[in-house]
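Remarks on the overall topology
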There are 2 protein chains.
Amino acid sequence: MKVYGIIMAGGGGTRFWPLSRKAQPKQFLNLTGRDILVNETFDRLTQVVPKENIYVVTNTLYAEKTAELMQGRIKKDHILKEPAARNTAACIGYAAMEVLQKYGDGILCIVPSDHYIRQESLYSRTLEKGVALAENNDCLVTIGITPTYPATGYGYIKSGTEKDGYRIVEEFVEKPSETVAKQYLHEGCYFWNSGIFIWKASVILHAFQKLLPDIYDCLRTIGEAMGTEEEERVLAEIYPRIPKLSIDYGIMERADNVVMLEGSFGWNDVGSLDAIALLHDADAGGNVSVGSHVLMDTEDTICYSKNKLIAAAGVKNLIIVEAEDAVLVCSKEKAQEVKRLVEMLEADGKEKYL
Amino acid sequence: MKVYGIIMAGGGGTRFWPLSRKAQPKQFLNLTGRDILVNETFDRLTQVVPKENIYVVTNTLYAEKTAELMQGRIKKDHILKEPAARNTAACIGYAAMEVLQKYGDGILCIVPSDHYIRQESLYSRTLEKGVALAENNDCLVTIGITPTYPATGYGYIKSGTEKDGYRIVEEFVEKPSETVAKQYLHEGCYFWNSGIFIWKASVILHAFQKLLPDIYDCLRTIGEAMGTEEEERVLAEIYPRIPKLSIDYGIMERADNVVMLEGSFGWNDVGSLDAIALLHDADAGGNVSVGSHVLMDTEDTICYSKNKLIAAAGVKNLIIVEAEDAVLVCSKEKAQEVKRLVEMLEADGKEKYL
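Residues numbered from 1 in each chain as written. Chains lettered and ligands numbered in written order. Predicted model: local features only at pLDDT ≥ 70, side-chain atom pairs only at ≥ 80, totals over all residues. Heavy atoms only, no water.

**Focus: the overall build of chain A**
- Scanning chain A from N- to C-terminus turns up 10 helices and 17 strands.
- Its C-alpha atoms give chain A a radius of gyration of 21 Å, near enough to 20 Å, the size a compact globule of 354 residues would have.
- C-alpha atoms of chain A, sized along the principal axes, occupy 60 × 50 × 35 Å.
- Counting every position in chain A, which comprises 354 residues, the buried fraction comes to 58%.
- Residue pairs at least 24 apart in sequence account for 67% of intrachain contacts in chain A once pairs closer than 6 positions are excluded.
- In the structure as shown, chain A presents an accessible area of about 14,800 Å², 46% of it carried by carbon and sulfur atoms.
- Chain A carries 39 positive and 50 negative side-chain charges, and their two centres are separated by 1 Å. (Helix = DSSP H or I, 4+ residues; strand = E, 2+ residues; numbered from the N terminus. Rg over C-alpha atoms; globule rule 2.2 N^0.38 Å. Buried < 20%, exposed > 50% of the residue type's maximum accessible area, 1.4 Å probe, protein only. Contact = heavy atoms within 4.5 Å. Areas by Shrake-Rupley, 256 points an atom, 1.4 Å probe, with all protein chains shown as cover. Lys, Arg positive; Asp, Glu negative; His and termini not counted. Charge placed at Lys NZ, Arg CZ, Asp CG, Glu CD.)

Next up, the structure:
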């Protein structure tokens, strides 16, 4: 059976402000110094999926910019446009329906567009294992990342012991407290929920039909219009009505055919600005610099600038970002709350900075 | 006797980097939001000295820019150009010689160009008292500032008890430790050394002759050439040879006719970036903002920007400055050491930022 890649690139995230903006979401950022995240995701996926079989699902707003920034990697008809952001269940259902209608069936490798992978060959081998598993067992495969520290910023998957190279999923659990995260790390049967999924289009749509029949009805209506002159109109009408639901909450936590493959390829969801430190080498003082900077008596600080020199003196545990028309100075402890800062800007009538 | 104003504006200071630069020393900065410091100094001085009697002494390098930025306040021949920076003794001796040669004699009110004065009318009255004192007693008058906190960044003047409205100076003392500064504040006979001086041109030159005869010889040679075609050539030849010496060290600490007037007009030498906080109102969290900013969980922080918005989150006791091609993030504790940071930039081949 043919394999298809589905890159989820609909995020409009504000958590990387001032690097990310409304018109420049995180997947368009070049945080590694190599290429923008969505292109790194695409290129990585071509090790497992033929490039002509890769789709990107994004918001209609970003479709043109996505095509432009992906520089010929992808045909325009492989950019699926969401008329509204409806979370991952809708996004995945839409892509599955597209593959089913166009090609009959196929195995989908579904990956977020904006994550970081350290060991690409190990990543490829893990996905290939997932493809074989999904093809032979009609199951819903997810990748659980072997935790390397007691992370409180990720959801966890509780799994049974390994058998035949995979694990039965017992439970999906929410982001834990520090104490609980330490216990998870100790117990050894908890894995980070990576948001990477592998399954047949037919199998996931069957799960929608069974567990989310209302959404399934919407998807079927959209599917019936696919390839007709009505497609765009129907999509614009129906898609925004699909409830906002994550695939985890809507299907993964409730389906009985979920299995987990262990991934230990070095993964990070690049969820907030402090993740920049993981993408670059630090100096002896634990500082990470992107751009031209000078540091005096400074420790564990990230300096990231697009234009200006940053000079830091006597500071510790900070994230300093200069970009376009704004400068952010944020303690690492508050990295998760940059979103709130952006809300303050909005409330303050400073939309031009968003 | 006529009164002359001498504004010392030769500083090339790096302590206000990145606001101040080699081509833009502190006296050219508008830190208050009203006008640049040298203009505020000039306008303040006109309450005591007729404006046509005011001189500015600056480095030849800054002469043109000084004339331009002072916007017609001062005639070009009242900008005295130092061919080299030789500290305050040379500067004051040069200005005294100019007045003596041009006008016979006169009382000089000598003020730094880049200090902050809160109560201008009280300042004027203090200077006027000094003028009367210098005129009638042929003494060297200095203003000692009534300390309001145990400052460790200023030199102190130890004085005797007040008599006839002035105090005899017992001793000039170096910047103290915190403990010693607290003791000074408690004792009540210690005052901050403001660097403001009032005396007759003839009296200070007599002091040079007696205490610094080598420098006096240089000044006399320069004085003899004044008004002749040789003036510029002689100045360029002799001035750079004058030893670098402060007026405090060379004369004030050694002369026996020094008296002190108490100044309680609200004074600050604006010696480092943290002084910005004194020039502006703080919000309830002790933050001072110049420019458009947004603060979240931030305390006692200065945000000063020329162009970009600054967003601060979860920080405390910082100085954040955005200017031209650089951003500085500095703990207030390190404000005094910005000079060292600038040296690091220089050593690192980053001269273009200086």
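**What to know about the packing of aromatic side chains**
- Applying the stated rule across the entire model yields 22 aromatic pairs over all chains.
- When the centroid spacing of 3.8 Å and the interplanar angle of 10° are considered together, the rings of B:Tyr184 and B:Tyr190 count as stacked.
- Given the relative accessible area of 8%, B:Tyr190 is considered buried.
- Through successive ring pairs, a cluster of aromatic residues spans A:Tyr149, A:Tyr154, A:Trp192 and A:Trp267.
- The positively charged end of A:Arg44 is found above the aromatic ring belonging to A:Tyr123, 5.5 Å away from the centroid. (Phe/Tyr/Trp six-rings, centres within 6.5 Å; stacked < 30°, edge-to-face > 60°. Lys NZ or Arg CZ within 6 Å of the ring centre and 35° of its normal.)

**Here's the deal with the relation of the copies chain B and chain A**
- Each copy superposes on the other: chain B lies on chain A with an RMSD of 0.0 Å after a rotation of 180° and an axial shift of 0.0 Å. Expressed as a symmetry operation, the mapping of one chain copy onto the other fits a two-fold axis.
- A share of 100% of interface residues in chain B that are also interface residues in chain A marks the association as one of identical surfaces. (Least-squares fit on C-alpha atoms with pLDDT ≥ 70 in both.)

**So, the interface of chain B and chain A**
- Contacts between chain B and chain A engage 36 residues on the former and 36 residues on the latter.
- Each partner contributes to the roughly 2,900 Å² buried at the junction of chain B and chain A, and carbon and sulfur atoms together form 66% of this total.
- Area buried by chain B at its contact with chain A is led by B:Met296, B:Lys308 and B:Leu309, which between them contribute 23% of it.
- Viewed at the interface, chain A and chain B are joined by 6 salt bridges.
- Of the charged contacts, one joins B:Glu322 and A:Lys308 as a salt bridge, the two residues approaching to 2.4 Å between their closest N and O atoms.
- Seen at the junction of chain B and chain A, the total is 22 residue pairs in polar contact (both at pLDDT 80 or more).
- Of all the secondary structure elements, the ones that give two or more residues to the side of chain B that touches chain A are strand E13 (293–296), strand E15 (309–313), strand E16 (318–323), strand E17 (326–331) and helix H10 (338–347) of chain B.
- Grouping the constituent residues of the side of chain B that touches chain A by class yields 22 nonpolar, 5 polar and 9 charged.
- Pairing of strand E15 (residues 309–313) of chain A with E17(B) involves 5 bridges; the strand directions are parallel. Bridge pairing in E17(B) links A:Ala311 to B:Leu328. (Buried area = accessible area lost by both parts, 1.4 Å probe. Salt bridge = Lys/Arg side-chain N within 4 Å of Asp/Glu carboxyl O. Polar contact = N/O pair within 3.5 Å; in protein donor to acceptor, adjacent residues only side chain to side chain. Nonpolar A, V, L, I, M, F, W, Y, C, P; charged D, E, K, R; others polar. Pairing = 2+ DSSP bridges.)

**Some thoughts on the confidence of the model for chain A**
- Looking at chain A as a whole, the pLDDT averages 95, with 100% of positions reaching at least 70.
- With pTM at 0.90, the complex prediction returns an ipTM value of 0.89. (pLDDT = per-residue confidence, 0-100.)

**Focus: the pairing of strand E6 (residues 140–145) of chain A**
Residues and elements named next belong to chain A.
- By the criterion of burial, E6 is predominantly enclosed, with 6 of the 6 residues buried.
- What you see with E6 is no split at all: Leu140, Thr142 and Gly144 on one side and Val141, Ile143 and Ile145 on the other are buried throughout.
- Pairing geometry for E6 and strand E10 (residues 258–263), over 6 bridges, is parallel. Note on E10: the bridge partner recorded for Leu140 is Val258.

**Observations concerning the pattern of salt bridges**
Residue and element names in this part refer to chain A.
- All told, the structure shown has 50 salt bridges over all chains when counted by the stated rule.
- The salt bridge involving Glu324 is made with Lys306; its shortest N-O contact spans 3.5 Å. Of this pair, Glu324 sits in the loop between strand E16 (318–323) and strand E17 (326–331) while Lys306 sits in the loop between strand E14 (302–305) and E15, placing them 18 residues apart in sequence.
- Exposure remark for Lys306: the relative accessible area of 38% places this residue in the partly exposed category.
- Note that Lys334 is salt-bridged to Glu337, the shortest N-O span being 3.8 Å.
- Given a relative accessible area of 26%, Glu337 falls into the partly exposed group.
- Linked through salt bridges whose partners overlap, the residues forming this network are Glu230, Arg233, Glu237 and Arg241.

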